[in-house]
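# Topology and contacts: notes
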Amino acid sequence: DLRFGAASGGPLDGALDRGKLIDGATTLATLPASYIDALTAKGGLQPLTGTASCDVKVVKLNYKTIGVSCEATNSSGVMLVPGGSCTSPAGLIAYAKGTDVQKPRTLANPGDSETFLLLAMYAAKGYAVVASDYLGFADSKYPYHPYLHADSEASVIIDSIRAARNAASLESVGANLSGNVMLTGYSQGGHASMAAHRAIERDRDAALRGVDSLLDR
């Protein structure tokens, strides 16, 4: 079954270079821990986020993935990389965003409220984060967003994990990943992250063993 093989593993992966970066990875900003603390204190977020332990590098990704019929396409997204005093290997959190109706919006923006929460809650605590913009948003060339289409949600998230691992090896990104991967999401992202987890378990992708899910609340 072509679709079965395409969702997370199988014969199409190599042919389509799924997760391969397009034009490398672009560092947009590096936020010092002190600056993150100043913003969370000002916004009244510190009771939720706590204080930052790490500086955080914000990296823009554009990567190869597949559409609803397994056709080659791309998606964009963001990778948040802990740095500064945080030098231990970092687990990777693959985050799936909530329902969005703003086609140009990208999470590769340190001023985006959802991105900043990911930055303050996870990356500033020592976790690397990758978050896809999904098909049809931001720099994706896909003509529409297939809302709540589980297979394409799964593939775009799984390929974002591959893209983050590819970016980690770049000198400009310099992420030290532990190999552990966690999935989480909000709203639509809860559906998307569970679809990705199901696909990983079903297809037994050896490169994605050890995945855990932090369920949407």
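This text follows the structure it describes.
Residues numbered from 1 in each chain as written. Predicted model: local features only at pLDDT ≥ 70, side-chain atom pairs only at ≥ 80, totals over all residues. Heavy atoms only, no water.

## Some points on the side chain of Ser160
Checked against the element boundaries, Ser160 lands in helix 6 (residues 150–168). The exposure class assigned to Ser160 is buried, which follows from its relative accessible area of 2%. When neighbours within four sequence positions are excluded, Ser160 is seen to be in contact with Tyr63, Val130 and Ser132. (Helix = DSSP H or I, 4+ residues; strand = E, 2+ residues; numbered from the N terminus. Buried < 20%, exposed > 50% of the residue type's maximum accessible area, 1.4 Å probe, protein only. Contact = heavy atoms within 4.5 Å.)

## Section: helix 7 (residues 188–203)
For helix 7, with 16 residues, the first-to-last C-alpha span of 23 Å sits near the 22 Å given by 1.5 Å per residue. For helix 7, the full list of buried residues reads Gln188, Gly189, Gly190, Ala192, Ser193, Ala195, Ala196, His197, Ala199, Ile200 and Asp203. (Expected span 1.5 Å × (residues − 1).)

## Re the state of the cysteines
Applying the stated criterion across every chain yields a total of one disulfide. Note on cysteine connectivity: Cys54 is disulfide-linked to Cys86, with sulfurs 1.9 Å apart. Across the S-S bond of Cys54 and Cys86 the torsion is about -80°, and the bridge reads as left-handed. Here Cys54 is found in the loop between helix 4 (46–49) and strand 2 (55–66), whereas its partner Cys86 is found in the loop between strand 3 (72–83) and strand 4 (90–96), with 32 residues between them in sequence. A residue is classified by how much of its surface remains accessible, and Cys54, at 0% relative accessible area, is buried. Residue classification places Cys86 among the partly exposed positions, given a relative accessible area of 21%. (Disulfide = S-S within 2.5 Å.)

## Observations regarding the packing of helix 3 (residues 33–42) against helix 5 (residues 113–121)
It is at 11 Å that the axes of helix 3 and helix 5 come closest, and there the two elements cross at 120°. By the criterion of interaxial angle, the relationship of helix 3 to helix 5 is oblique. Crossing hand, helix 3 versus helix 5: left-handed. Contacts between helix 3 and helix 5 pair Ile36, Leu39 and Thr40 from the former with Phe116, Leu119 and Ala120 from the latter. The residue makeup of the contact of helix 3 with helix 5, split by class, is five nonpolar, one polar and no charged. (Axes fitted to C-alpha atoms, helices over the stretch in contact; angles between N-to-C directions. Parallel < 35°, antiparallel > 145°, perpendicular 65-115°, else oblique. Left-handed = near helix turned anticlockwise from the far one by under 90°. Nonpolar A, V, L, I, M, F, W, Y, C, P; charged D, E, K, R; others polar.)

## Digging into helix 3
All of the buried residues in helix 3 are Ala33, Ile36, Asp37 and Thr40. Along the axis of helix 3, the buried positions cluster into a sector of 100°, meaning they face one direction only. What points out from helix 3, more than 90 degrees from its buried face, is the exposed set Ser34 and Lys42. For helix 3, the secondary structure elements touched by its buried residues are strand 1 (21–31), helix 4, strand 2 and helix 5. Within two residues after helix 3, Gly44 carries a phi angle of roughly 70°, on the positive side. (Arc of directions from axis to C-beta.)

## Quick look at the side chain of Asp133
Along the chain, Asp133 turns up in the loop between strand 5 (128–132) and helix 6. Despite its burial, Asp133 pairs with no opposite charge, the nearest such side chain being Lys97 at 4.9 Å. A polar contact of 3.4 Å, which involves the side chain of Asp133, links it to the backbone nitrogen of Gly77. At 2.8 Å, the side chain of Asp133 forms a polar contact with the side chain of Thr106. In this structure Asp133 touches Ser75, Ser76, Gly77, Lys97, Arg105, Thr106, Leu107 and Ala138, once residues within four positions along its chain are discounted. (Lys, Arg positive; Asp, Glu negative; His and termini not counted. Salt bridge = Lys/Arg side-chain N within 4 Å of Asp/Glu carboxyl O. Polar contact = N/O pair within 3.5 Å; in protein donor to acceptor, adjacent residues only side chain to side chain.)

## Some thoughts on unusual backbone geometry
One non-glycine residue, Cys70, adopts positive backbone phi at about 70°. Considering the arrangement of structural elements, one finds Cys70 in the loop between strand 2 and strand 3. With a phi angle near 55°, Leu148 is a residue other than glycine that sits in the positive phi range. Looking at the secondary structure, you find Leu148 in the loop between strand 5 and helix 6. Overall, Leu148 belongs to the partly exposed group, its relative accessible area being 40%.

## So, the packing of aromatic side chains
Inspection of the entire model under this criterion finds one aromatic pair. With centroids separated by 5.2 Å and ring planes inclined at 45°, the aromatic side chains of Tyr142 and Tyr144 adopt a geometry described as tilted. The exposure class assigned to Tyr144 is partly exposed, which follows from its relative accessible area of 40%. In this arrangement the basic side chain of Lys97 is found over the ring face of Phe137, its NZ or CZ atom lying 4.0 Å from the centre. (Phe/Tyr/Trp six-rings, centres within 6.5 Å; stacked < 30°, edge-to-face > 60°. Lys NZ or Arg CZ within 6 Å of the ring centre and 35° of its normal.)

Treat this as a map of the structure, not an account of what it does.
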